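# Observations on the three-dimensional arrangement
Residue-level listing of the chains:
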Amino acid sequence: AAAREAEQVWDALASANTELHVAQASRDFMPLASREKLAVVLANPPRWIERAVVVHVQAKHCVAVEMEYSLRTGGQDDITAAAMWEMIPALHEEACALASQLLSPGHPVRQLSDRAAGQADGRR
């Protein structure tokens, strides 16, 4: 539930950012007060947002690794195993995309995310 809420927050911010750019380009659509508030939030996001991104990125990698080790121990039927093997790289890719879009290039979790995805590729 928390992951879903975090994704909704980021989706809302990304959508609002897009609306802001559209409004700036067309010089209307969004009231000035709303644009100013959004610009302030996007320019200097609260610290908890960065923490939420970090947790979200790490959680996606953790779930992917847990699924990988679960599959290696067996116990799943063929259909479930096949679906899980497809989800693993997707989770790593989502985590890397989120980290690269929302964390600075030098951020340790962004670097860790890239390294975790690379290691996962090596294990396949």
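See above for the structure.
Residues numbered from 1 in each chain as written. Predicted model: local features only at pLDDT ≥ 70, side-chain atom pairs only at ≥ 80, totals over all residues. Heavy atoms only, no water.

### Concerning the pattern of salt bridges
In plain terms, the rule: Salt bridges are identified by distance alone: a Lys or Arg side-chain nitrogen within 4 Å of an Asp or Glu carboxyl oxygen. Helix and strand assignments come from DSSP, with helices taken as H or I runs of at least 4 residues and strands as E runs of at least 2, each series counted from the N terminus. A simple rule labels every residue: compare its accessible area, found with a 1.4 Å probe on the protein chains alone, to the largest value its type can have, and call it buried under 20%, exposed over 50%, or partly exposed in between.
All told, the structure shown has 2 salt bridges when counted by the stated rule. Residues Glu 94 and Lys 60 are paired through a salt bridge, measuring 2.7 Å at the closest nitrogen-oxygen approach. Taken together, the residues span a long stretch of sequence, with Glu 94 in helix α4 (residues 78-102) and Lys 60 in helix α3 (residues 47-73) at a distance of 34 residues. Exposure remark for Lys 60: the relative accessible area of 13% places this residue in the buried category. Across the pair Arg 72 and Glu 68 runs a salt bridge, and its minimum N-O distance is 3.0 Å. Taken together, the residues Arg 72 and Glu 68, both in helix α3 and 4 residues apart, mark about one turn of the helix.

### Overview of the packing of α4 against helix α5 (residues 108-123)
Quick reminder of the rule: Convention adopted: a line fitted to C-alpha atoms gives each axis, helices being fitted over their contacting stretch, and angles between N-to-C directions are expressed from 0 to 180 degrees. Orientation is classified from the angle alone, with under 35 degrees giving roughly parallel, over 145 giving roughly antiparallel, 65 to 115 giving roughly perpendicular, and any other angle giving oblique. By definition, turning the near helix anticlockwise from the far helix through less than a right angle yields a left-handed crossing, and turning it clockwise yields a right-handed one. Contact definition: two residues touch when any of their heavy atoms are within 4.5 Å. In this classification, the charged set is Asp, Glu, Lys and Arg, the nonpolar set is Ala, Val, Leu, Ile, Met, Phe, Trp, Tyr, Cys and Pro, and all remaining amino acids, among them Gly, are polar.
Interaxial distance between α4 and α5 falls to 9 Å at its minimum, and their mutual angle equals 155°. By the angle between their directions, the pair α4 and α5 is classed as roughly antiparallel. Between α4 and α5 the crossing geometry is left-handed. Counted together, His 92, Ala 95, Cys 96, Ala 99 and Ser 100 of α4 and Arg 110, Ser 113, Asp 114, Ala 116, Ala 117 and Ala 120 of α5 form the full contact between these two elements. Counted by class, the contact of α4 with α5 contains 6 nonpolar, 3 polar and 2 charged residues.

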